[in-house]
Amino acid sequence: MEIIQALPAFLLVLVRLTCFFLTAPVFSYRTIPAPFKIGLAGVFAYLITLTLDPAQFMINSHYALLVLKEATVGLTLGFMAGLLFYAVYTAGSFIDLQMGLSIANLIDPNSGVATPLTGQFLYIIMMVFLFTVDAHHMLLNGIFYSFQMLPLDQLSLRFDGGVVHEMVLVFVKMFAISFQMALPIVGSLFLVDLAVGIMSRAVPQLNVFVVGLPLKIGVGLVILFILIPLYVIIFREIFQSSTDLLHELMTLLGSSP
């Protein structure tokens, strides 16, 4: 009887987790088989249902709206948690544009879209660092505690100016992180362009296109490898900021109007 009573709550938890795994970084990759995602969501939904208050197991007339609410919460939390991760791709676009590699993009098998070469390289390093420090557990902890801050039986969500302001701040922070990552390389390559321009004026016989492009690529790669330890620090900031963002967003969504 208890299993039957907990089934509606289990389905609501499963909806939130499934939608979260559809948009969250790492878990939303297309290379991960769909049965594995569904099975993982089912196992986590079962474990989370065991921790819920039995008062949330009751079926009411607003169950369809609760399902829609859970889907909205899962998609929103997953998308906002992964937004800062996309700053790496944005920084890679800025770097490739200055290095002359923007004409050559790669198809990312995880997302199925064209990504910059440098952005893909930095993203792979970030993923390796993420699994090394178990930062993906922070995302799972965030979705677990969301059921305490956004209970299943809470029908309404607060989408007001505070939530919109928080989302805008996340977009601004994403671009700030991307500029922070790209600025050393872009600034150095600007100086290379300036030096090549001065050389072309001093030596008119110098072919700028033959000398400048390989020189920019070489200088850019050297600076990129020098800055990798600094990028690891930025990756750690991204992981921590994503966790803080989930907590702040859940607080705003769950607060009473």
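See the structure printed just above.
Computed from a predicted model, the values in this text were never measured in an experiment.

Participant: How should I be thinking about the environment of I48 in this particular structure?
Facilitator: Tracing the sequence through the fold places I48 in helix α2 (residues 34-50). A residue is classified by how much of its surface remains accessible, and I48, at 3% relative accessible area, is buried. When neighbours within four sequence positions are excluded, I48 is seen to be in contact with V13, L17, F144 and F147.

Participant: Just to check I follow, could you spell out the side chain of T23 for this structure?
Facilitator: Mapped onto the elements, T23 comes out in helix α1 (residues 2-23). Within polar-contact distance, the side chain of T23 engages the backbone oxygen of C19 at 3.4 Å. Those residues in contact with T23 that lie beyond four places of it in its chain are S28, G74, L75, G78, F79 and Y86.

Participant: Looking at this structure, I do not really get the nonpolar core. What am I missing?
Facilitator: Buried together is how nonpolar side chains tend to be arranged in soluble globular proteins. M126, M181, Y231, F235, I238 and F239 are the most contacted members of the largest nonpolar core, which totals 63 residues. For this core, the leading source of residues is helix α9 (residues 228-254), giving 10 residues. In this view, F239 contacts F85, M126, F129, L130, V133, A135 and M138; residues no more than four positions away in its chain are not counted.

Participant: What am I meant to see in the pattern of salt bridges here?
Facilitator: Opposite charge on two side chains allows them to pair when their charged atoms are near. Per the stated rule, a full pass over the model turns up 3 salt bridges. R16 is paired through a salt bridge with E70; the nearest N and O atoms lie 2.5 Å apart. Residue R16 is located in helix α1, and its partner E70 is located in helix α3 (residues 63-83); the two are separated by 54 residues in the primary sequence. Accessibility expressed as a relative area gives 0% for E70, which makes it buried. Across the pair E70 and K69 runs a salt bridge whose closest N-O atoms are separated by 2.6 Å. Overall, K69 belongs to the buried group, its relative accessible area being 5%. Where salt bridges share partners, they join R16, K69 and E70 into one cluster.

Quick notes on the rules
- Residues numbered from 1 in each chain as written.
- Predicted model: local features only at pLDDT ≥ 70, side-chain atom pairs only at ≥ 80, totals over all residues.
- Heavy atoms only, no water.
- Helix = DSSP H or I, 4+ residues; strand = E, 2+ residues; numbered from the N terminus.
- Buried < 20%, exposed > 50% of the residue type's maximum accessible area, 1.4 Å probe, protein only.
- Contact = heavy atoms within 4.5 Å.
- Polar contact = N/O pair within 3.5 Å; in protein donor to acceptor, adjacent residues only side chain to side chain.
- Core = buried A, V, L, I, M, F, W, Y, C linked by side-chain atoms within 4.5 Å.
- Salt bridge = Lys/Arg side-chain N within 4 Å of Asp/Glu carboxyl O.

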